[in-house]
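Take a look at the letters that make up each chain.
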Amino acid sequence: AIIATRMSFRVFGRIAARTGTRKRRVAVYGAGSRGQMLVREMLADAAWDLNPVAFVDDDPGKRMLRMMGVPVRGTIEDLDKIITKFELEELLISSKTIDAAREAKARAICGAHGIPVRRLFFDIT
């Protein structure tokens with residue numbers, strides 16, 4: 001009962017954070033440690049005004065997993081569908097390992113939808 005009560009506070013807190021004030025709907029490209037840290041910071045700090053609704057990751061093994069409560073919805077090949085389905089307003093590239101070709105492809109797809117792309121990652125040493 002105690003565990004259920006504590007979990008309910010966490011779940012309701014996340015629901016309230018996502019449905020409260022209007023925040024920009026973003027996807028994070030890269031569901032590794034840097035992407036998860038980026039999402040954790042977005043969820044913890046309301047000043048960011050960003051609502052992470054999906055991860056995009058090129059590892060097919062991560063598809064349909066949830067990282068920090070945010071689902072991994074597909075690879076760069078699925079980005080066009082993800083943008084439409086989740087009404088994305090921005091894409092954040094979170095990993096240094098995303099090469100120039102994949103970044104250019106992401107920027108081209110987002111550009112066709114008029115969505116900005118930012119490279120925003122934490123440096124973990």
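This one's a predicted model, so the numbers in the text were calculated from it and none came from an experiment.

Definitions and limits used
Residues numbered from 1 in each chain as written. Predicted model: local features only at pLDDT ≥ 70, side-chain atom pairs only at ≥ 80, totals over all residues. Heavy atoms only, no water. Pairing = 2+ DSSP bridges. Helix = DSSP H or I, 4+ residues; strand = E, 2+ residues; numbered from the N terminus. Right-handed = clockwise from strand over helix to strand, strands pointing away. Buried < 20%, exposed > 50% of the residue type's maximum accessible area, 1.4 Å probe, protein only. Arc of directions from axis to C-beta. Contact = heavy atoms within 4.5 Å. Salt bridge = Lys/Arg side-chain N within 4 Å of Asp/Glu carboxyl O.

### Some thoughts on the pairing of strand β1 (residues 24–29)
Line of reasoning, step 1. Judged from the 6 bridges that link them, β1 and strand β2 (residues 50–56) form a sheet pairing that is parallel. Along β2, the bridge assignment pairs V26 with P52.
Line of reasoning, step 2. At this point the chain moves from β1, through helix α2 (residues 33–44), to the parallel β2, and the crossover so formed is right-handed.
Line of reasoning, step 3. As defined by bridge partners, β1 adjoins strand β5 (residues 90–93) across 4 bridges and the pair is classed as parallel. Opposite A27, over in β5, you have L91 as the bridge partner.

### Here's the deal with helix α3 (residues 79–86)
Line of reasoning, step 1. If you check which residues of α3 are buried, you get L79, I82, I83 and F86. For α3, the buried positions fall inside an angular range of 100 degrees around the axis, keeping them on one side. Pointing more than 90 degrees away from the buried face of α3 are the exposed residues K81, T84 and K85.
Line of reasoning, step 2. On its buried face, α3 is in contact with β1, β2, β4 (70–74), β5 and α4 (100–113).
Line of reasoning, step 3. In the segment just after α3, E87 is the residue with positive phi, at about 50 degrees.

### So, unusual backbone geometry
Most peptide bonds take the trans configuration, and most residues that are not glycine carry a negative phi.
Line of reasoning, step 1. Of note, D49 is a non-glycine position whose phi angle comes to about 55 degrees, a positive value.
Line of reasoning, step 2. When you line up the elements, D49 lands in the loop between α2 and β2.

### Some words on the pattern of salt bridges
Line of reasoning, step 1. Going through the model one piece at a time under the given rule, you end up with 9 salt bridges.
Line of reasoning, step 2. The salt bridge partner of K105 is E77, with a shortest N-O separation of 2.7 Å. Of this pair, K105 sits in helix α4 while E77 sits in the loop between β4 and α3, and the two are 28 residues apart along the sequence.
Line of reasoning, step 3. With relative accessibility at 56%, the residue E77 sits in the exposed group.
Line of reasoning, step 4. One salt bridge in this structure joins R118 and E90, with 2.4 Å as the shortest N-O distance. Linking R118 in strand β6 (residues 117–119) with E90 in strand β5, this pair joins segments that are 28 residues apart in sequence.

### Concerning the side chain of D78
Line of reasoning, step 1. Along the chain, D78 turns up in the loop between β4 and α3.
Line of reasoning, step 2. Classification of D78 by relative accessible area gives buried; the value is 14%.
Line of reasoning, step 3. Here D78 is in contact with R63 and R73, once residues within four sequence places are set aside.

None of this, on its own, says anything about what the molecule does.
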